[in-house]
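Single-letter residue listing:
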Amino acid sequence: MPDRARPTPTPRGRTKGPDVRPPVPDGTRVDVRKTYKLFIGGAFPRSESGRSYPATGPDGTVLAHAARASRKDARDAVVAARKAVPGWSGATAYNRGQVLYRVAELLEGRAAQFTAECVQGEGVSWAGAERTVTAAIDRWVWYAGWPDKVAQVAGSANPVAGPYFNFSVPEPTGVVAVVAPAAPSLLGLVSVLAPVIATGNAAVVVASEAAPLPAVTLAEVLATSDVPPGVVNILTGYTAELAPVLAAHMDVNAIDLTGVAAGGRAELERLAARNVKRVFAADGDWEAPPGTARMLAFLEIKTVWHPIGI
Amino acid sequence: MAGGSWEYAPAPEARDIVTIRREYGLFLAGEFVPPAAGESFTTLNPASEEPLAQVAAAGAADVDRAVTAARDAFERTWGQLPGRERAKYLYRIARAIAERAREFAVLESLDNGKPIKESRDVDVPLAAAHFFYHAGWADKLEYAGYGPGPRPIGVAGQVIPWNFPLLMAAWKLAPALATGNTCVLKPAETTPLTALLLAEVIAEAGLPPGTVNVITGDGSTGAELVRHPGVAKIAFTGSTEVGKQIQAAIAGTGKRLTLELGGKAANVVFDDAPLDQAVEGIVNGIFFNQGHVCCAGSRLLIQESVADTVLSRLKRRLATLRLGDPLDKNTDIGAINSREQLDKITGLVAAGEAEGAQRWSPPCQLPAKGFWFPPTVFTGVSQSHRIAREEIFGPVLSVLTFRTPEEAVAKANNTPYGLSAGVWTEKGSRILWMAQRLRAGVIWANTYNRFDPASPFGGYTESGFGREGGRAGLAAYLDA
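Residues numbered from 1 in each chain as written. Chains lettered and ligands numbered in written order. Predicted model: local features only at pLDDT ≥ 70, side-chain atom pairs only at ≥ 80, totals over all residues.

### Quick look at the overall build of chain A
Piece 1. Of regular secondary structure, chain A possesses 10 helices and 10 strands.
Piece 2. A compact globule built from 310 residues should have a C-alpha radius of gyration of about 19 Å, and chain A, at 21 Å, falls within 12% of that.
Piece 3. Structurally, chain A occupies a C-alpha span of about 85 × 35 × 30 Å along its principal axes.
Piece 4. Residues classed as buried in chain A amount to 51% of the 310 residues present.
Piece 5. Contacts in chain A between residues at least 24 apart in sequence constitute 76% of all its contacts with a sequence separation of at least 6. (Helix = DSSP H or I, 4+ residues; strand = E, 2+ residues; numbered from the N terminus. Rg over C-alpha atoms; globule rule 2.2 N^0.38 Å. Buried ≥ 20, exposed ≤ 12 C-beta atoms within 10 Å, placed from the backbone. Contact = placed C-beta atoms within 7 Å.)

Here it is in structure tokens:
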């Protein structure tokens, strides 16, 4: 059987970038293919529905059969995320920063693999993919520095007219559902995911439907980098099937609809009103500096009146 | 109180300080005008059920005029003013409210039913303070931490409730105006009068016509305002039910939204708390403003070892509360704002009894006319009772107990709401331990129901999103 294009980029027509295929002549060794699965509660299950869908390159080449998550998988992911909230939001900011920095270290080691997956999934050049992958790693490093600073930027001491030390601190909103943008598959995903967990939330991510494979590889990085199970849960599948479940879910506190086309957001926003979800969506240039808006969108300001007296 | 010789003599505040007009129009583009369809409704004094005035009912055409006037002012006048000039207008409003404080207080108590001591000492001074605080922000927004050159959003549609009519108008208008937006304010149907007096103050302060418009009416007027395509930002304070409807109604429009909704706050009393002070705080937490407070401490959680002591002291204290004429300076508990609200309270209290909780009220004579409900305490309440889950918005306290701090946190957070909470303990570290774990936007320690324009206010989860007050509150009105 002829070998279909697997996560090994074809070197034809490419002048830069390594060939990540093992240096073994065809026919002497059969490569080991990866099963792309979901990432829920720190584990890699297939969809409980037993379904998958072909993840293809832009030319229609089947790259892999990604799991096609069901509504039940989405609900399981929310349960896992909720379970992770106390530990992750209760961890020290310093600890969260270190864990996130560790993720960046492991991303760096997998840069070539991510680049290859982006080339295959998005049909971009090796150089173009490499640029977005390194931007994604740098963005992760940027967010890794935020956990122990965001409270200083978003909080305040408030001079009230009375004998109280009155202060406001940002706290994580809780469980945040995120619909990742279709492309750039890794940079887009990192740009929407990192701010959610840097601020202490737990995330349920719907990966790019068109190019889901980098998201699964990112899950492998997260699984081996001290991010507690359930803090990030990644679903691959059909956005139209999964997003309404998360938008309507009563135990999801906020939703980022960035990955949903503008025309599809209204119905999801309506569903989100059922439990007064915080709704965020921002389109833009993924390579531009992200600013703090994505972090502030998933923080609650808590104000404490502490008495002063003797 | 027994012993007739110690009865208080009536001490009513003079009512003639305020002139109530027979009819009120809408405040559109700087003047009072009749509504297009000519419809009106009556606003009552809830303490006597006597009609106070006929107030214009704004329809779709009026809402459109108001939004157009506000859009005009945003594009041509107010929106073009430098911050330092906006500031001076807001300072004028703050000063004018203080100058006319007595008038505002009497009018508020007449239209709302709240005791004059509260409207005089809380609502009106805080309203003035809110304008004063935000006036100072108007020319300092680039230092607020929302990036360089923060811009206003446009026309803000603001729908406010009946429990703090003037104060809520101030909470909405002051930050919106300071940041350069223009406003269409919709006061509650049962309490339009102080917002209309504020409109007069704003007109006298000389703000460009259309900067603030006040449209009176019922829920349908509010719905028209929310739907209007010329409104760029909605700010709503009210019930969670209506908040959800608004959020759903503007889905997909790109309108900005902040919601300050209901609550079912836990007021947690530990065994080391200063108990007499705590009893005062419990009373203030739930009986302030007849319990018509979204952040009211309506669930009292007492540590089991002091539960009997706290309850007996609480009951003794409640027996001294004076219910009656809102204009009497000695009145602690005024009138329920409307028959509709009284029916809601009565219904939930009946449910509390039906579900098996024990109801108690001090001996309390209710006036023959008007809407009244006695201060009420339920003991033997379980977490699944409706009176422990639903917002009653009346002078009704549900008492639960706990043994450990962990149990207190679990019970306090067992609610879809998350607006506020109280903690009573002498131990500072415990205050902060509790404050970290309570899922609520405002935590009061050894105090309750305290507000300040510099202190951000707003909820978690189904109590809404966005903050009012402080630096954080500016974000609601900035395109950052």
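### Let's talk about the overall build of chain B
Piece 1. A count of helices and strands for chain B gives 15 helices and 20 strands.
Piece 2. A globule of 480 residues ought to have a C-alpha radius of gyration of about 23 Å, and chain B, at 22 Å, matches this closely.
Piece 3. The principal-axis extent of the C-alpha atoms belonging to chain B is close to 65 × 50 × 35 Å.
Piece 4. Here chain B holds 480 residues, and 60% of them are scored as buried.
Piece 5. Pairs at least 24 apart in sequence give 72% of the contacts found in chain B among residues at least 6 apart.

### Let's talk about the interface of chain B and chain A
Piece 1. Listed per partner, the contact involves 33 residues of chain B and 27 residues of chain A.
Piece 2. Taken together, the residues that form the side of chain B that touches chain A break down as 16 nonpolar, 11 polar and six charged.
Piece 3. The pairing of strand S10 (residues 299–307) of chain A with strand S18 (residues 442–445) of chain B spans three bridges and is classified as parallel. Bridge pairing in S18(B) places A:Trp305 opposite B:Trp444. (Nonpolar A, V, L, I, M, F, W, Y, C, P; charged D, E, K, R; others polar. Pairing = 2+ DSSP bridges.)

### Quick word on unusual backbone geometry
Piece 1. In this model, A:Ala183 is joined to A:Pro184 through a cis peptide bond whose omega is -5°.
Piece 2. Look at B:Gln290: it is not a glycine, yet its phi comes out positive at around 55°.
Piece 3. If you trace the backbone, B:Gln290 turns up in the loop between helix H9 (275–287) and strand S13 (299–303).
Piece 4. You can call B:Gln290 buried: it has 33 C-beta atoms within 10 Å.

### Structural notes on the sheet that holds S10(A)
Piece 1. Strand order in the open sheet made by the 10 strands is S3(A)-S4(A)-S10(A)-S18(B)-S17(B)-S12(B)-S13(B)-S16(B)-S15(B)-S14(B), with mixed pairing throughout. Every other strand in the sheet has two partners, leaving strand S3 (156–158) of chain A together with strand S14 (358–360) of chain B as the edge strands with one partner each. Strand after strand, the sheet turns through a mean of 20° between neighbouring axes, direction not considered.
Piece 2. Bridge analysis of strand S15 (residues 376–379) of chain B against strand S16 (residues 396–402) of chain B gives three bridges, and the strand direction is parallel. By the bridge assignment for S16(B), B:Thr376 is matched with B:Val396. (Axes fitted to C-alpha atoms, helices over the stretch in contact; angles between N-to-C directions.)

### Considering helix H11 (residues 339–354) of chain B
All names here are of chain B.
Piece 1. The end-to-end C-alpha distance of H11, which contains 16 residues, comes to 22 Å, matching closely the 22 Å that a straight helix rising 1.5 Å per residue would cover.
Piece 2. Within H11, the full set of buried residues consists of Gln341, Ile345, Val349 and Gly352. Across the axial projection of H11, the buried residues extend over an arc of 70°, all falling on one side. With respect to the buried face of H11, the exposed residues turned more than 90 degrees away are Glu340, Asp343, Gly347 and Ala354.
Piece 3. Close packing links the buried residues of H11 with S14, S15, helix H12 (386–389) and S16. (Expected span 1.5 Å × (residues − 1). Arc of directions from axis to C-beta.)

### Structural notes on the sheet that holds strand S1 (residues 23–24) of chain B
Two orientations exist for strands paired in a sheet by backbone hydrogen bonds: parallel and antiparallel.
Residues and elements named next belong to chain B.
Piece 1. One open sheet accounts for three strands, arranged S1-S5-S4; its pairing is mixed. With partners counted over all chains shown, the strands left at the sheet margins are S1 and strand S4 (40–45), one partner each.
Piece 2. For S1 and strand S5 (residues 50–56), the ladder comprises two bridges, and the chain directions are parallel. Bridged to Tyr24 within S5 is Val55.

### A short note on H9(B)
Residue and element names in this part refer to chain B.
Piece 1. For H9, with 13 residues, the first-to-last C-alpha span of 18 Å sits near the 18 Å given by 1.5 Å per residue.
Piece 2. Along H9, the positions that sit buried rather than exposed are Ala278, Val279, Gly281, Ile282, Val283, Asn284, Gly285, Ile286 and Phe287.
Piece 3. On its buried face, H9 is in contact with strand S12 (266–269), S13, helix H10 (304–318), S16 and strand S17 (420–424).
Piece 4. Phi turns positive, to about 55°, at Asn289, one or two residues after H9.

### Concerning the packing of helix H8 (residues 239–248) of chain A against helix H9 (residues 265–272) of chain A
Residues and elements named next belong to chain A.
Piece 1. Here H8 crosses H9 at 30°, and the two axes come no closer than 7 Å. Here H8 is positioned roughly parallel relative to H9, judged by the angle of their axes. Our pair here, H8 against H9, has a crossing hand that is right-handed. Contacts from Ala243, Pro244, Ala247 and Ala248 of H8 reach H9 at Leu268, Leu271 and Ala272.
Piece 2. Class assignment for the residues of the contact of H8 with H9 results in seven nonpolar, no polar and no charged. (Parallel < 35°, antiparallel > 145°, perpendicular 65-115°, else oblique. Left-handed = near helix turned anticlockwise from the far one by under 90°.)

### A word on the confidence of the model for chain A
Piece 1. Scored by pLDDT, chain A comes out at a mean of 92, with 91% of its residues at no less than 70.
Piece 2. Below pLDDT 50 for its whole length, residues 1–17 of chain A participates in 27 contacts with residues either more than four positions away or in separate chains. (pLDDT = per-residue confidence, 0-100.)

### With respect to the domain arrangement of chain B
All names here are of chain B.
Piece 1. Split by domain assignment, chain B resolves into domain 1 (23–261 + 460–479) and domain 2 (266–445).
Piece 2. For domain 1 versus domain 2, the distance between C-alpha centres works out to 30 Å.
Piece 3. Domain 1 puts 21 residues into the contact, and the matching count from domain 2 is 27 residues.
Piece 4. Taken together, the elements giving at least two residues each to the side of domain 1 that touches domain 2 come down to helix H3 (101–112) and helix H4 (116–137). (Domains from an automatic or database assignment.)

### Brief notes about the environment of B:Glu224
Residues and elements named next belong to chain B.
Piece 1. Looking at where Glu224 falls in the secondary structure, it is placed in helix H7 (residues 219–227).
Piece 2. The exposure class assigned to Glu224 is buried, which follows from the 22 C-beta atoms found within 10 Å.
Piece 3. Sequence spacing of Glu224 and Asp64 is 160 residues, and the spatial spacing of their C-alpha atoms is 8.7 Å.
Piece 4. Apart from the residues lying within four places of it in its own chain, the contact partners of Glu224 are Ala60 and Val63.

### A look at the environment of B:Gln80
Piece 1. Residue position: B:Gln80 is located in the loop between helix H1 (60–76) and helix H2 (83–99).
Piece 2. Once the C-alpha coordinates of B:Gln80 and B:Gly180 are considered, the two residues, 100 residues apart in sequence, prove to be 8.2 Å apart.

### A few points about the confidence of the model for chain B
Piece 1. Here chain B averages 97 in pLDDT, while 99% of its residues score no lower than 70.
Piece 2. Model confidence for the complex: the whole-complex pTM is 0.94, and ipTM, which rates the interface, is 0.97.

### What to know about the packing of H9(B) against H10(B)
All names here are of chain B.
Piece 1. Here H9 crosses H10 at 60°, and the two axes come no closer than 10 Å. Here H9 is positioned oblique relative to H10, judged by the angle of their axes. Of the two possible hands of crossing, H9 and H10 adopt the one that is right-handed. Residue-level inspection shows Leu275, Ala278, Val279, Ile282 and Val283 of H9 in contact with H10, the latter providing Val306, Thr309, Val310, Arg313, Leu314 and Arg317.
Piece 2. Looking at the contact of H9 with H10, its residues break down into eight nonpolar, one polar and two charged.

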